[in-house]
Amino acid sequence: MKKDTLKEFGKLFYDFAKIIFAIALITPAIKGDSISVTVILLTVIIVAIGTYTINKGAKDE
């Protein structure tokens, strides 16, 4: 894949992680509900995938 494509996929994963963080973590905290551990793990995994793809795109330069 091209380096720019990989970087854009990484940014897309970061955006997905931000959306999941906002919906699944901040909303229950405001309402006073409990926060799911699986959602936290999912957010961390998506950020890690985004970081990996951005770094892989940067290496290809």
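Look above for the structure.
1. Observations concerning a nonpolar patch on the surface
Phase 1 of the analysis: Taken together, the side chains of Phe9, Leu12, Phe16, Ile19 and Ile23 define a hydrophobic patch exposed on the protein surface, amounting to about 460 Å² of accessible area.
Phase 2 of the analysis: Tracing the backbone shows Ile23 in helix H1 (residues 3-31).

2. Observations concerning the side chain of Thr53
Phase 1 of the analysis: Topologically, Thr53 is positioned in helix H2 (residues 37-59).
Phase 2 of the analysis: With relative accessibility at 12%, the residue Thr53 sits in the buried group.
Phase 3 of the analysis: A polar side-chain atom of Thr53 sits 3.0 Å from the main-chain carbonyl oxygen of Gly50.
Phase 4 of the analysis: In this view, Thr53 contacts Leu6, Lys7, Phe9, Gly10 and Phe13; residues no more than four positions away in its chain are not counted.

3. Structural notes on the pattern of salt bridges
Pairing between side chains of opposite charge can happen when the charged atoms of each approach one another.
Phase 1 of the analysis: Evaluation of the coordinates by the stated rule reveals two salt bridges.
Phase 2 of the analysis: Glu8 serves as the salt-bridge partner of Lys11, at 3.4 Å between the closest nitrogen and oxygen. Here Lys11 and its partner Glu8 are both found in helix H1, three residues apart, which amounts to about one turn of the helix.
Phase 3 of the analysis: Taking the relative accessible area as the measure of exposure, Lys11 reaches 44% and is therefore partly exposed.

Conventions we followed
- Residues numbered from 1 in each chain as written.
- Predicted model: local features only at pLDDT ≥ 70, side-chain atom pairs only at ≥ 80, totals over all residues.
- Heavy atoms only, no water.
- Patch = residues over 30% accessible without salt bridge, like charges linked within 9 Å, V, L, I, M, F, W, Y side chains within 5 Å.
- Areas by Shrake-Rupley, 256 points an atom, 1.4 Å probe, with all protein chains shown as cover.
- Salt bridge = Lys/Arg side-chain N within 4 Å of Asp/Glu carboxyl O.
- Helix = DSSP H or I, 4+ residues; strand = E, 2+ residues; numbered from the N terminus.
- Buried < 20%, exposed > 50% of the residue type's maximum accessible area, 1.4 Å probe, protein only.
- Polar contact = N/O pair within 3.5 Å; in protein donor to acceptor, adjacent residues only side chain to side chain.
- Contact = heavy atoms within 4.5 Å.

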